[in-house]
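Structural overview for review
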Amino acid sequence: MDAKVPNARYSIDDRIGVLEELLNERYSARAFLPREVDRATIEHVLTIAQRTASWCNSQPWQVIIASGEAKERFRKEIYAEASNGLGDDYDFTPPREYVGVYLDRRRESGFQLYNTLGIARGDKAAYAKQALENYNFFGAPHVAIIHTNEPLGIYGAIDCGAYVSNFMLAAQALGLGTIPQAALARHSGLIRRHFNLPDDRRVVCGISFGYADNAHKVNSYRTSRASVAETVTFVDV
Ligand SMILES: Cc1cc2nc3c(=O)[nH]c(=O)nc-3n(C[C@H](O)[C@H](O)[C@H](O)COP(=O)(O)O)c2cc1C
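Since this is a predicted model, take the numbers as computed values, not measurements.

**Here's the deal with the pairing of strand 3 (residues 177-181)**
Summarising burial for strand 3: four of the five residues are buried, a large majority. Pairing of strand 3 with strand 4 (residues 201-210) involves five bridges; the strand directions are antiparallel. Opposite Q181, over in strand 4, you have G206 as the bridge partner.

Here it is in structure tokens:
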């Protein structure tokens, strides 16, 4: 029989196997079916994500989930602002520059996306058109906005990042597709006004979600990861 962790329902092999499968399977979906996710399934995802760890257990994440007409009103407003070239209204400073290996990885994932869509290298107009799809939520029927409490600063945002990961994994386990979107945070002021957020809330990112359109080519590629050897330094003596 497989080894068990005390009081655990599943064997160690099952536990790590499922976690690994979910992490390996998950990818950022950029095309969705119009089918809505029922409220019980969404609440299941949210209940699991609530277990996220946070500094001092402050649990700074607050989440708006827009669906149906409300999602459509929000989509029209943010799409209009983005397509008019407005934005750069982040609550948190975005990356200043991608250099070295970070630039390499950014390029690799960008070219994977563009190659899959048949967009030629350097076709800036096509890049911009694809980027605008962020503001259609890639056709997802639901969009979540994750926001934190301003006095908690960057660590509040880190806690929200952990929440986003757990949300995505729980959604994956329930057969849903997700995409985290910092592109939405580029319009933090609009989001605060649109959803009447108090002044002390700061937008971290969005997550568009629903059932991924597995037949769409944009969902057909998978990004790479650096090895543990490239990432971790063991210090023993
Ligand atoms: C915090 C965060 C913000 C992101 N913002 C966007 C975004 O605005 N638009 C987008 O298309 N992808 C966005 N992504 C998705 C990343 O590009 C993606 O996670 C990365 O390329 C790895 O690919 P994978 O998620 O398919 O494994 C974001 C991911 C994270 C974690």
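The discussion continues.
**Section: the site of the ligand**
Around the ligand, a shell composed of 13 residues is seen, among which S28, N134, A182, A183 and R225 lie nearest. Measuring from an oxygen atom of the ligand, one finds a side-chain N or O atom of R30 at 2.9 Å. Between the ligand and A183 there is a distance of 2.9 Å, counted from an oxygen atom to a backbone nitrogen or oxygen. Coverage of the ligand by the protein amounts to 65% of the 620 Å² it exposes when considered alone. Residues that form the shell around the ligand fall into these classes: six nonpolar, four polar and three charged.

**Here's the deal with a nonpolar patch on the surface**
A contiguous nonpolar surface patch, about 390 Å² in accessible area, is contributed by V5, I12, I16, L19 and L23. Along the chain, L19 turns up in helix 1 (residues 12-25). In this structure L19 comes out as partly exposed when scored by relative accessible area, which is 39%.

**Observations concerning the environment of R107**
As for its placement among the helices and strands, R107 is situated in helix 4 (residues 100-117). Considered as a pair, R107 and I12 are 95 residues apart in the sequence and their alpha carbons are 38 Å apart.

**Some details on the packing of helix 2 (residues 39-49) against helix 6 (residues 153-173)**
Running from N to C, helix 2 and helix 6 cross one another at 135 degrees; their axes reach a closest spacing of 8 Å. Considered as vectors, helix 2 and helix 6 are oriented oblique to each other. Helix 2 and helix 6 meet at a crossing whose hand is right-handed. Two secondary-structure elements touch here, helix 2 through V45, L46, I48 and A49 and helix 6 through Y163, N166, F167, A170 and A171.

**Details of the sheet that holds strand 3**
Taken together, four strands build an open sheet; the order of strands is 1-2-4-3 and the sheet is antiparallel. Whereas interior strands pair on both sides, the edge strands pair on one side only; in this sheet they are strand 1 (62-67) and strand 3. The average angle at which neighbouring strand axes cross in this sheet is 25 degrees, direction not considered. Its contacts with the sheet put helix 3 (residues 68-83) on strand 1 and strand 2 (142-149), and the angle it makes with strand 1 is roughly 100 degrees.

**Some words on the packing of helix 1 against helix 6**
Contact geometry for helix 1 and helix 6: axes closest at 10 Å, N-to-C directions at 100 degrees. Considered as vectors, helix 1 and helix 6 are oriented roughly perpendicular to each other. Two secondary-structure elements touch here, helix 1 through L19, L22, L23 and E25 and helix 6 through L169, Q172 and A173. Classifying every residue of the contact of helix 1 with helix 6 gives five nonpolar, one polar and one charged.

**Concerning the side chain of E81**
Among the secondary structure elements, E81 is positioned in helix 3. Comment: no salt bridge for buried E81; closest opposite-charge side chain is R193, at 4.2 Å. Residues in contact with E81, not counting those within four places in the same chain, are L86, G87, H187, L190 and R193.

**Notes on the layout of surface pockets**
When its volume is computed, the second largest pocket comes out at roughly 560 Å³. Every residue lining the second largest pocket is counted, 15 residues in all, and those nearest its centre are V18, L19, L22, I48 and A173. When residues of the lining of the second largest pocket are traced back to their parent elements, those giving at least two are helix 1 and helix 6. Top contributing element to the lining of the second largest pocket by residue count: helix 1, with five residues. Grouping the constituent residues of the lining of the second largest pocket by class yields nine nonpolar, two polar and four charged.

Cut-offs applied
- Residues numbered from 1 in each chain as written.
- Predicted model: local features only at pLDDT ≥ 70, side-chain atom pairs only at ≥ 80, totals over all residues.
- Heavy atoms only, no water.
- Buried < 20%, exposed > 50% of the residue type's maximum accessible area, 1.4 Å probe, protein only.
- Helix = DSSP H or I, 4+ residues; strand = E, 2+ residues; numbered from the N terminus.
- Pairing = 2+ DSSP bridges.
- Near = heavy atom within 4 Å.
- Polar contact = N/O pair within 3.5 Å; in protein donor to acceptor, adjacent residues only side chain to side chain.
- Areas by Shrake-Rupley, 256 points an atom, 1.4 Å probe, with all protein chains shown as cover.
- Nonpolar A, V, L, I, M, F, W, Y, C, P; charged D, E, K, R; others polar.
- Patch = residues over 30% accessible without salt bridge, like charges linked within 9 Å, V, L, I, M, F, W, Y side chains within 5 Å.
- Salt bridge = Lys/Arg side-chain N within 4 Å of Asp/Glu carboxyl O.
- Axes fitted to C-alpha atoms, helices over the stretch in contact; angles between N-to-C directions.
- Parallel < 35°, antiparallel > 145°, perpendicular 65-115°, else oblique.
- Left-handed = near helix turned anticlockwise from the far one by under 90°.
- Contact = heavy atoms within 4.5 Å.
- Lys, Arg positive; Asp, Glu negative; His and termini not counted.
- 1 Å grid on protein atoms, 1.4 Å probe; cavity = no way out; pocket = protein on both sides within 12 Å on 5 of 7 lines; lining within 4 Å.
- Points joined across faces, edges and corners; volume = space filled by probe spheres on them.

The values reported here are purely geometric and, on their own, carry no functional implication.
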